[in-house]
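# Overview (structure and organization)
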Amino acid sequence: MNRTVNVVRMQLVNKQTFVWVPLIVLGASFAMSLAIYAILFTSGVSGPFYGGGSQAPLWVLLFVGISSLTLTFPFSQAMSVTRREFFLGTMLAAAMCAVLLAAVFAIGALVEEATGGWGINGYFFALDWVVSAGPFVAALFYFVMAMLIFMFGFWSATVYKRFGALVLTSIWVGVAVLLVLAIWAITFFAMWGDVWTALVNAGPLGFALWGLVLTVLLAGISYLTLRRAVP
């Protein structure tokens, strides 16, 4: 366990990657969104105002997941850290980052609801659908989304380390093709109404649970790939 904690410390040596960059992106996105809401409010538009800027720090975690393997895995192997210890320590560091972001989002949502959207009816954290089941479910939703996006990056890096850029590119192209085929099938059979109904009925808790399943699946595949990856 001590060696796993040492991996966490190794990952957090450069706090910019796991802590400061996501928080800076979050702060900048929040400030710009609030400025836009204020402009609209002072122009006579009543709102409520919602935006997609809250996604920005989550997508930063995609690159955090990539760099957490490519930058530190070779060093960890030189320090005689086992791949299992490296994997568990990296997941723990990612979970800490996800908990931090989830807490910021949950607290921000409570403040927005208490102040009527910062007094200008503008909502950055308290997106209607996400907070519909309460602050704890909203925090769980943000935590799972943060971990899922991190795992996409980490999994991509393990595939790259093990099989190379050609295989990784082929996989992502295949995923894109499957998405296009799914969109075509839904459109062709006029199923968009059913799809949107299912998404709404699932709610943020349903999304979080399915996201958690996908996160665990990606984590398992990443670990198995990492066992044979070349530093």
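Below or above, wherever it landed, is the structure these notes cover.

### Description of the nonpolar core
- Within the largest apolar cluster, 54 residues are counted, with the highest numbers of intra-cluster contacts made by Phe18, Leu61, Phe86, Phe150, Phe154 and Leu226.
- Only helix 1 (2-11), helix 2 (15-42), helix 3 (56-70), helix 5 (83-115), helix 7 (135-163) and helix 9 (192-226) provide two or more residues apiece to this core.
- With 15 residues, helix 7 is the largest single contributor of residues to this core.
- Among all residues touching Phe86, those that are not within four sequence positions of it are Val7, Met10, Gln11, Ser68, Leu69, Thr72, Phe73, Ser76, Val81, Phe154 and Leu226.

### Thoughts on a nonpolar patch on the surface
- Residues Trp129, Ile183, Trp192, Trp196, Leu199 and Phe207 make up a contiguous nonpolar surface patch of about 550 Å² in total accessible area.
- Among the elements that make up the nonpolar patch, the one with the highest residue count is helix 9 (4 residues).
- Tracing the sequence through the fold places Trp192 in helix 9.

### A word on the pattern of salt bridges
- By the definition in use, this model includes 1 salt bridge.
- Ionic pairing is found between Glu85 and Arg3, a salt bridge with its closest N-O pair at 3.0 Å. Placement of Glu85 in helix 5 and of Arg3 in helix 1 is noted, with a sequence separation of 82 residues between them.
- When its relative accessible area of 14% is taken as the criterion, Glu85 is described as buried.
- Given the relative accessible area of 39%, Arg3 is considered partly exposed.

### Here's the deal with helix 2
- Between its first and last C-alpha atoms helix 2 spans 39 Å; for 28 residues at 1.5 Å apiece the expected length is 40 Å, and the two agree.
- Most pronounced at Val21, the bend in helix 2 amounts to some 30°, and the proline Pro22 follows within four residues.
- For helix 2, every residue scored as buried is listed here: Thr17, Phe18, Pro22, Leu26, Ser29, Phe30, Ser33 and Tyr37.
- Looking one or two residues beyond helix 2, the residue adopting positive phi is Gly44, at roughly 100°.

### Notes on the packing of helix 7 against helix 8 (residues 165-188)
- Put simply, helix 7 and helix 8 touch, their axes get as near as 7 Å, and they point 140° apart. By the angle class used here, helix 7 and helix 8 are oblique. Side by side, helix 7 and helix 8 meet where Phe152, Trp155, Ser156, Val159, Tyr160 and Phe163 of the first sit next to Ala165, Val167, Leu168, Ile171 and Trp172 of the second.
- Broken down by class, the residue content of the contact of helix 7 with helix 8 amounts to 10 nonpolar, 1 polar and no charged.

Parameters and conventions
- Numbers given to residues run from 1 along each chain, matching the order in which its sequence is written.
- Local features in this predicted model are restricted to residues whose pLDDT is 70 or higher, and side-chain atom pairs enter the listing and the counts only when it is 80 or higher, whereas totals over whole chains, interfaces and linings include all residues.
- With hydrogens and water excluded, all non-hydrogen atoms of the structure serve as input to the side-chain values.
- We call a set of buried residues a nonpolar core when its members are Ala, Val, Leu, Ile, Met, Phe, Trp, Tyr or Cys and they connect through side-chain atoms within 4.5 Å of each other.
- Exposure classes here rest on a 1.4 Å probe applied to the protein chains alone. A residue is buried below 20% of its type maximum, exposed above 50%, and partly exposed in between.
- The secondary structure listing takes helices from DSSP runs of H or I that are at least 4 residues long and strands from runs of E that are at least 2 residues long, numbered from the N terminus.
- Here, residues are in contact when the closest pair of their heavy atoms is within 4.5 Å.
- Each patch is assembled from residues with relative accessible area greater than 30% and no salt bridge, linking like charges that lie within 9 Å and nonpolar side chains (Val, Leu, Ile, Met, Phe, Trp, Tyr) that lie within 5 Å.
- Accessible surface is estimated by sampling points in the Shrake-Rupley manner with a 1.4 Å probe; for residues, cover comes only from the protein chains shown.
- Any Lys or Arg side-chain nitrogen found within 4 Å of a carboxyl oxygen on Asp or Glu counts as a salt bridge.
- Expected span of a helix: the number of residues minus one, times 1.5 Å.
- To get the bend at a residue, fit one axis to the 7 residues ending there and another to the 7 starting there, then take the angle between the axes.
- Here the axes come from fitting lines to C-alpha atoms, over the contacting stretch only for helices, and the angles between their N-to-C directions go from 0 to 180 degrees.
- Any angle between 65 and 115 degrees counts as roughly perpendicular, while under 35 counts as roughly parallel, over 145 as roughly antiparallel, and the rest as oblique.
- Basically, the charged four are Asp, Glu, Lys and Arg, the nonpolar ten are Ala, Val, Leu, Ile, Met, Phe, Trp, Tyr, Cys and Pro, and anything else, Gly included, counts as polar.

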